[in-house]
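Spelled out, the chains give:
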Amino acid sequence: MLEDNGKVEGSVNYHTHVYNMLSAKTNNSPKFIVVDFFCGAGGVSVGILNSDQAVIAAALNHSPIAIASHSANHPETTHFEDDIRKEGLELEVLKVVEAYRKLYPKAKVLFWCSAECTNFSQAKGGQSRDRDSRTLVTEMYRYYICNPDYILFENVKEFMSWGPLIPKRRKGKKVKDKNGDTVFIPDPKKKGQYYMKWIAYHLSRGYEFDCKLLNAADYGAATRRIRWFGIFATSGLPIVFPRPTHSKKGGGGLKKWIPCKKHINLDQQGMSVFGREFIKGKKPLSPKTMARIAYGIKKYCLPQYIVKYYGNGSNTSDVNDPLHTITTKDTHALLSLQFITQQYGRENANVGIENPLTTITTFSNQNALISTQFITQHFHNSNNAASIEEPLGAIVTKDLKQMITVDGMLHFISKHYTGNHASSIDEPLHTITTIDHNSLITVLAKVEAQADNSKKGKSIREERYRFFDEFFAEFPPQVIALLKLLITDISMRFLHPNELKKIQGFPADYHLAGNKTEQTKSIGNSVSPVIPEAWISALAAEMEKGKRVVQKRKKNHYGRQEVLFA
């Protein structure tokens, strides 16, 4: 019988179990019987079930946290908390599949495999690759005793370059890691060799093949997560990929990308980046983190306003406007601040809040939020500012007053990777990783009504001024002085798993097991549900038509038929 944790114990009457679990809730016969390998927290299962075209017969994962999350949300599924390399596990999966085949004899059996991708990803950099991890997809061969009609794979795009590993060398010597073991990296001369052999094996078994890179943002997720998707189909079954429903700018029958801010609580600002030495248990942020925040302000705040100084001043204009307005005294400036910084990866990663969040990683706390309206007055070659809450100063005959609008607060995402990364909350979030990398930066733009002249207040103010002096040194002195006056605070907080899971495409009420760190890791490891939903729906629709997609082929150097990759 089935234990509470979903593991199989002894001999099971799977047909009875499956019937009892499904007969009461399934009105229509499904088109697909799915086994979700490397199921994680259940992103694939959520999407497939949302298509209303399939049942999830079994789910496998070695992680107790992943199985706890999946079984809590999908109790009707038979769960295996095991490594797929476990000897004999394929026979247990076969029992489940055969039970479902008896229940739904017309349904096609579909395997979904989202194998571990870390040791293929370019994010691994120069670190050593794990040989065993890179061969997990070949472990699927044992499960083909179930005779699946479809086998769907998902991985990072670098999976297509899968090939032999060689020792990493520096000045002719093998590089060792901290444990004294040799560091192995992909052989640049043999990229894709194992990938092509892997495809050839499936073709020799009579499967048809195709693959494509798909972006979750193009299917309605608030995250830009581009992954490789491959499909093997038994002869005669259609192969098709889902059509996008969204695009970056929209139009042409497509909706505009969903901004990540839709799922972010912008009212929750987080802790100030200044004065942390006055808070017990806290320490000042590192210079690298402050540099990322400064980059995000420059990219997502400053370009949104016009400040034009003439005479002894400087000139700045919005990129959406002409470079300089042709007037004799144009000194109006419009300021608007809102963006997200991302604390990871390459340099300069900031996104607007109107766009989907970039890929959610498995690390928590890597996207941050930032937010600011006032009047500047240009008299006597100096800069003056006044609150919009106060009476306006004397109105002169020349155009010397400008309204600086920052909506009180501005937000952006900061990613805690190497280098400077920020993104707008008006865009999809970049890929969510397994570690807390996404933090929400909130820039408060408001002219101080009265300065805090206490010892603590002066110290915090001096720290804020040093921030602009150090990280905005390339700006004219007038602009730096204006920023010191305008931006009175900057706060930062890491995005919560409840925000990240909705950005990834999970339902708001989806249960994730474990603590905050473990939940973030589960989200970062997951497949965004929007693509499995769209893909299964497309396959089901094509099967209804009874059409077969004809693929172009050529002979590869292995002497077998191979698919042309576009």
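One structure accompanies this document, and this report is about it. Here the structure is a predicted model, which is why all the values come from computation and not from measurement.

Summarising burial for helix α10 (residues 497-504): 6 of the 8 residues are buried, a large majority. Among the residues of α10, those classed as buried are Pro497, Glu499, Leu500, Lys501, Ile503 and Gln504. Just downstream of α10 lies Gly505, where phi reads positive at about 115 degrees.

If you check helix α4 (residues 89-103), its first and last C-alpha atoms are 22 Å apart, about what 15 residues at 1.5 Å a residue would give, namely 21 Å. Looking at α4, one finds that the buried residues are Leu89, Glu90, Val93, Val96, Val97, Ala99 and Tyr100.

Right, let's get into the sheet that holds strand β5 (residues 150-155). The 7 strands are arranged β3-β2-β1-β4-β5-β12-β10 in an open sheet whose pairing can be described as mixed. At either end of the open sheet lies a strand with only one pairing partner, and these are β3 (78-80) and β10 (207-215). For this sheet, the mean angle separating the axes of adjacent strands, direction not counted, is 20 degrees. The pairing of β5 with strand β12 (residues 226-234) spans 6 bridges and is classified as antiparallel. Bridging from a neighbouring strand, Glu154 pairs with Phe229 of β12. Packing of helix α2 (residues 43-50) onto the sheet brings it into contact with β1 (32-37), β2 (54-60) and β4 (108-113), and relative to β2 it is tilted by some 170 degrees.

Following the criterion strictly, the structure yields 29 aromatic pairs and no others. Their ring planes at 75 degrees and their centres at 5.0 Å tell us that Phe37 and Tyr143 sit as a pair that is edge-to-face. Here Phe37, found in strand β1, pairs with Tyr143, found in the loop between α5 (131-134) and β5; they are 106 residues apart in sequence, far enough to count as distant. Classification of Phe37 by relative accessible area gives buried; the value is 0%. Residue classification places Tyr143 among the buried residues on the basis of a relative accessible area of 0%. When the ring of Phe467 is compared with that of Phe468, the centres are 5.1 Å apart and the planes differ by 75 degrees; the resulting orientation is edge-to-face. Judged by its relative accessible area of 2%, Phe467 is buried. Each residue in the set Phe153, Phe159, Trp162, Tyr194, Tyr195, Trp198, Tyr207, Phe209, Trp228 and Phe232 is aromatic and connected to the rest through ring pairs, giving one cluster. Over the aromatic face of Phe472 sits the side chain of Lys298, whose NZ or CZ is 5.0 Å from the ring centroid.

A positive phi angle, near 60 degrees, is found at Asp52, a position not held by glycine. On the secondary structure map, Asp52 appears in the loop between α2 and β2. Residue Asn147 is not a glycine yet carries a positive backbone phi of 50 degrees. You can see Asn147 is positioned in the loop between α5 and β5.

A few words on the nonpolar core. Residues Phe37, Leu60, Phe111, Phe153, Tyr195 and Trp198 are the most contacted members of the largest nonpolar core, which totals 41 residues. Mapped by element, the contributors of at least two residues to this core are β1, β2, α4, β4, β5, α6 (193-204), β10 and β12. Beyond its immediate chain neighbours, meaning those up to four positions away, Phe37 contacts Leu60, Ile84, Phe111, Trp112, Cys113, Ser114, Met140 and Tyr143.

Before going further, it helps to examine the pairing of β2. The buried fraction of β2 is high, at 7 of 7 residues. Pairing analysis gives 5 bridges linking β1 to β2, with the strands arranged parallel. Across the sheet, residue Ile33 finds its bridge partner in β2, namely Val55. The parallel pair β1 and β2, bridged by α2, forms a crossover whose chirality is right-handed. Pairing geometry for β2 and β3, over 3 bridges, is parallel. Within the sheet, the bridge partner assigned to Leu60 lies in β3 and is Phe80. Between the parallel elements β2 and β3, the chain passes through helix α3 (residues 64-73) in a crossover that is right-handed.

Here is what the cut-offs are and how they apply
Residues numbered from 1 in each chain as written. Predicted model: local features only at pLDDT ≥ 70, side-chain atom pairs only at ≥ 80, totals over all residues. Heavy atoms only, no water. Buried < 20%, exposed > 50% of the residue type's maximum accessible area, 1.4 Å probe, protein only. Helix = DSSP H or I, 4+ residues; strand = E, 2+ residues; numbered from the N terminus. Expected span 1.5 Å × (residues − 1). Pairing = 2+ DSSP bridges. Axes fitted to C-alpha atoms, helices over the stretch in contact; angles between N-to-C directions. Contact = heavy atoms within 4.5 Å. Phe/Tyr/Trp six-rings, centres within 6.5 Å; stacked < 30°, edge-to-face > 60°. Lys NZ or Arg CZ within 6 Å of the ring centre and 35° of its normal. Core = buried A, V, L, I, M, F, W, Y, C linked by side-chain atoms within 4.5 Å. Right-handed = clockwise from strand over helix to strand, strands pointing away.

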